[in-house]
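Letter by letter, the chains look like this.
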Amino acid sequence: MGNGIEIEKPLTAWAHAHFGAGARVEGLKRLSGGASQETWAFDVAAPGAAHALILRRAPGGVAAARSSEAVSLATEAALLGATSKAGVRVPEVLHVSAPGTALGESFVMRRVAGETLGRKILRDDEYKTARTRLTRDCGEALAGIHAIPTAGLVELPRSLGEDQITKYEAIYRGFGMPRPVLELAFAWLKANAPSPARPVLVHGDFRLGNLIVDENGLAAVLDWELAHIGDPREDIAWLCVNSWRFGHSEKRVGGFGDLPEMLDAYAAAGGARYTPAEIDWWEILGSLKWGVMCMIMYSAYKTGADPSVERAAIGRRVSENEIDLINLFEGLGRHA
Amino acid sequence: MHDAPSAKELIEAVKAFIDKTAAPQLTGHAAFHARVASNALATVLRELEIRPVAEAEEKARLDALLGTTGDSTNALNAQLCEAIRTGQMDLSTAGLLPHLKSTTIAQLSVDQPGYSGLRSAAR
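Residues numbered from 1 in each chain as written. Chains lettered and ligands numbered in written order. Predicted model: local features only at pLDDT ≥ 70, side-chain atom pairs only at ≥ 80, totals over all residues. Heavy atoms only, no water.

**Digging into the overall build of chain B**
Alright, step 1. Helices and strands together make up the secondary structure of chain B, namely five helices and zero strands.
Alright, step 2. Put simply, chain B runs from its N terminus to its C terminus through helices and strands in the order α-α-α-α-α.
Alright, step 3. Relative to the compact-globule value of 14 Å for 123 residues, chain B shows a C-alpha radius of gyration of 19 Å, a clear excess of over 25%.
Alright, step 4. Each of the three principal axes of chain B carries a C-alpha extent, and together these read 55 × 40 × 25 Å.
Alright, step 5. The burial tally for chain B puts 37% of its 123 residues in the buried class.
Alright, step 6. Partitioning the intrachain contacts of chain B with sequence separation of at least 6 by distance along the chain shows that 41% fall at a separation of at least 24.
Alright, step 7. Of the roughly 7,200 Å² of accessible surface on chain B, a fraction of 59% belongs to carbon and sulfur atoms.
Alright, step 8. Computed over 12 positive and 14 negative side-chain charges, the separation of the two mean positions in chain B equals 9 Å. (Helix = DSSP H or I, 4+ residues; strand = E, 2+ residues; numbered from the N terminus. Rg over C-alpha atoms; globule rule 2.2 N^0.38 Å. Buried < 20%, exposed > 50% of the residue type's maximum accessible area, 1.4 Å probe, protein only. Contact = heavy atoms within 4.5 Å. Areas by Shrake-Rupley, 256 points an atom, 1.4 Å probe, with all protein chains shown as cover. Lys, Arg positive; Asp, Glu negative; His and termini not counted. Charge placed at Lys NZ, Arg CZ, Asp CG, Glu CD.)

**Points about the packing of aromatic side chains**
Residues and elements named next belong to chain A.
Alright, step 1. A full pass over the atoms with the stated rule returns eight aromatic pairs over all chains.
Alright, step 2. On the basis of an interplanar angle of 50° and a centroid distance of 6.3 Å, the ring pair of Trp244 and Phe246 is categorised as tilted. Of the two residues examined, Trp244 and Phe246, each falls in the buried class.
Alright, step 3. Ring centres of Trp244 and Trp290 lie 5.1 Å apart, and the angle between their planes is 50°; this geometry places the pair in the tilted category. Here Trp244 is found in the loop between helix H7 (232-238) and helix H8 (259-268), whereas its partner Trp290 is found in helix H9 (residues 276-302), with 46 residues between them in sequence.
Alright, step 4. One aromatic cluster in this structure is built from Trp238, Trp244, Phe246 and Trp290.
Alright, step 5. A cation sits over an aromatic face here: Arg207 above Trp244, 3.7 Å from the ring centre.
Alright, step 6. Seen from the ring of Trp238, Lys289 lies directly overhead, with NZ or CZ sitting 5.4 Å from the centre. (Phe/Tyr/Trp six-rings, centres within 6.5 Å; stacked < 30°, edge-to-face > 60°. Lys NZ or Arg CZ within 6 Å of the ring centre and 35° of its normal.)

**Looking at the sheet that holds strand S3 (residues 49-57) of chain A**
All names here are of chain A.
Alright, step 1. Strand order in the open sheet formed by five strands is S1-S2-S3-S5-S4, with antiparallel pairing between adjacent strands. Among the strands making up the open sheet, the edge pair consists of strand S1 (24-32) and strand S4 (93-97). Averaged over all neighbouring strand pairs, the angle between strand axes comes to 20°, with direction disregarded.
Alright, step 2. Across the sheet, helix H2 (residues 73-85) is in contact with S3, S4 and strand S5 (106-110); its angle to S5 comes to roughly 30°. (Pairing = 2+ DSSP bridges. Axes fitted to C-alpha atoms, helices over the stretch in contact; angles between N-to-C directions.)

**Observations concerning the interface of chain B and chain A**
Alright, step 1. Taken together, the 34 residues of chain B in the interface contact 30 residues of chain A.
Alright, step 2. Where chain B abuts chain A, roughly 2,500 Å² becomes buried across the two surfaces, and 68% of that area is made up of carbon and sulfur atoms.
Alright, step 3. With a shortest N-O distance of 2.7 Å, A:Arg316 and B:Glu47 are connected by a salt bridge.
Alright, step 4. Run the count over chain B and chain A and you get 11 residue pairs in polar contact (both at pLDDT 80 or more).
Alright, step 5. Mapped onto the side of chain B that touches chain A, the elements with two or more residues apiece are helix H2 (28-66), helix H3 (73-85), helix H4 (96-111) and helix H5 (116-122) of chain B.
Alright, step 6. Of the residues assigned to the side of chain B that touches chain A, the class counts are 18 nonpolar, nine polar and seven charged. (Buried area = accessible area lost by both parts, 1.4 Å probe. Salt bridge = Lys/Arg side-chain N within 4 Å of Asp/Glu carboxyl O. Polar contact = N/O pair within 3.5 Å; in protein donor to acceptor, adjacent residues only side chain to side chain. Nonpolar A, V, L, I, M, F, W, Y, C, P; charged D, E, K, R; others polar.)

**Considerations on the environment of A:Ile314**
Residues and elements named next belong to chain A.
Alright, step 1. Relative to the elements of secondary structure, Ile314 occurs in helix H10 (residues 309-314).
Alright, step 2. Considered as a pair, Ile314 and Tyr301 are 13 residues apart in the sequence and their alpha carbons are 9.5 Å apart.
Alright, step 3. For Ile314, the residues in contact, after removing those within four places along its chain, are Cys294, Met297 and Tyr298.

**Focus on the confidence of the model for chain B**
In low-pLDDT regions, the fine details of the predicted coordinates are not to be read closely.
Alright, step 1. Taken as a whole, chain B shows an average pLDDT of 95; of its residues, 100% reach a score of 70 or greater.
Alright, step 2. Reported confidences for the modelled complex are a pTM of 0.94 and an ipTM of 0.96. (pLDDT = per-residue confidence, 0-100.)

**Structural notes on the nonpolar core**
Residue and element names in this part refer to chain A.
Alright, step 1. Core analysis: the largest hydrophobic core is formed by 89 residues, its most contacted members being Leu201, Phe206, Leu208, Trp224 and Ile236.
Alright, step 2. By residue number, the principal contributor to this core is H9, which donates 11 residues.
Alright, step 3. Those residues in contact with Leu201, other than ones at most four positions away along the chain, are Leu79, Thr83, Ile145, His146, Ile148, Thr150, Leu153, Leu156, Trp224, Ala227, His228 and Ile229.
Alright, step 4. Residues Trp14, Ala23, Val25 and Ala46 belong to the second largest nonpolar core, which totals 16 residues. (Core = buried A, V, L, I, M, F, W, Y, C linked by side-chain atoms within 4.5 Å.)

**Looking at helix H5 (residues 161-175) of chain A**
Alright, step 1. Relative to the 21 Å expected for 15 residues at 1.5 Å per residue, H5(A) spans 22 Å between its end C-alpha atoms, a close match to the ideal helical length.
Alright, step 2. Restricting attention to buried positions, one finds in H5(A) the residues A:Gly161, A:Gln164, A:Ile165, A:Tyr168, A:Glu169 and A:Tyr172. Down the axis of H5(A), the sector holding all buried residues measures 125°, keeping them to one side. For H5(A), the exposed residues set more than 90 degrees away from the buried face come down to A:Glu162, A:Thr166, A:Ala170 and A:Gly174.
Alright, step 3. Each element contacted by the buried residues of H5(A) is listed here: helix H6 (180-191), strand S9 (228-230), H7 and H9 of chain A together with H3 of chain B.
Alright, step 4. A positive backbone phi angle near 60° is found at A:Gly176, which sits one or two residues after H5(A). (Expected span 1.5 Å × (residues − 1). Arc of directions from axis to C-beta.)

See below:
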């Protein structure tokens, strides 16, 4: 499963059809070991031009039973097309391959140059200028995503704040491992739920790691697997969750920016006008979700599904989210 | 039962073996997992040192908060969760948030002492 030889032939056949008979596939390399999707980097040397490309493919070319949240590759490709048309910076999709074809369920997109590693983006001199622009870039990108009319979109799961509380609470209770801080977060979120916003297209995992950043700022928004119809504040707050600040806690937006500046850019680009205090509820939900996700990953060890040390050890990260939740509770009411 | 070598000494010896002998000979995924394994042993060493006192303090706070004595820490935490779930306790309950904060700081001092949120909490 997932060896390069298996896909080099159909990929070459596609390159011939798309770029002409003289096209050659070069440097095919698996990038991620992700269980959900394969990601391959490759180049096509065509007469007169070279193309840097990415293949996103279901493991072995066959979509497994998917988690209820993740959208299909074809949906992801359709979203890249729709968001690109709306002016959001995303990779251009060149080809979508259906299940059962030689290439298997997959799509090909252009490879955008830049960095995805959060620690490098926040630390390296190369991204010094980018860091001054990222806050505004992210606000504008999110406003662009949230403004896309949902009526013409490919079908997406619908998940509002209340749905997510119900879902993650059921998972948490199923583990039978009571944790008072998580319990307090569930109770507080339910007691203080904001009135729902008009549902929009939500990226669902908009944070460093899933964004390509070059020396000028945001170059592309990747990983649309968790896209859904939901509340726009979910995306804004997820970028603020301390787990995604990579040690730079003092900068609430992704470890690089201040929230008022991002909210200004978001509103100036056509998004709704939110205050930092309106993001608190969603950031608490975000930290709570990530805490439960760590418990889910640990449970793969506990049940024997994945006996690795890594899965066992991730259970000792739940407390990171607990301290983030406590810091958020202590800060409530401090923001304007 | 005797303890020569102690649990602490045995874990330190295994950790040193991973760090100094095994890990340098590994590459790729295996090298990554060796680092994770070494970190897991470091967690156990911190736990051996911190848990006895931290858990006694946690239990004393839980007894005060819940007005109980004699139950195990696990049972007390289950009771606390129930009180929070049913709305008998919330953010306005005197002593609740300070208790949770102290407990979580102790837990993180074992689990991830370098985590940024721990520094924020100490401020």
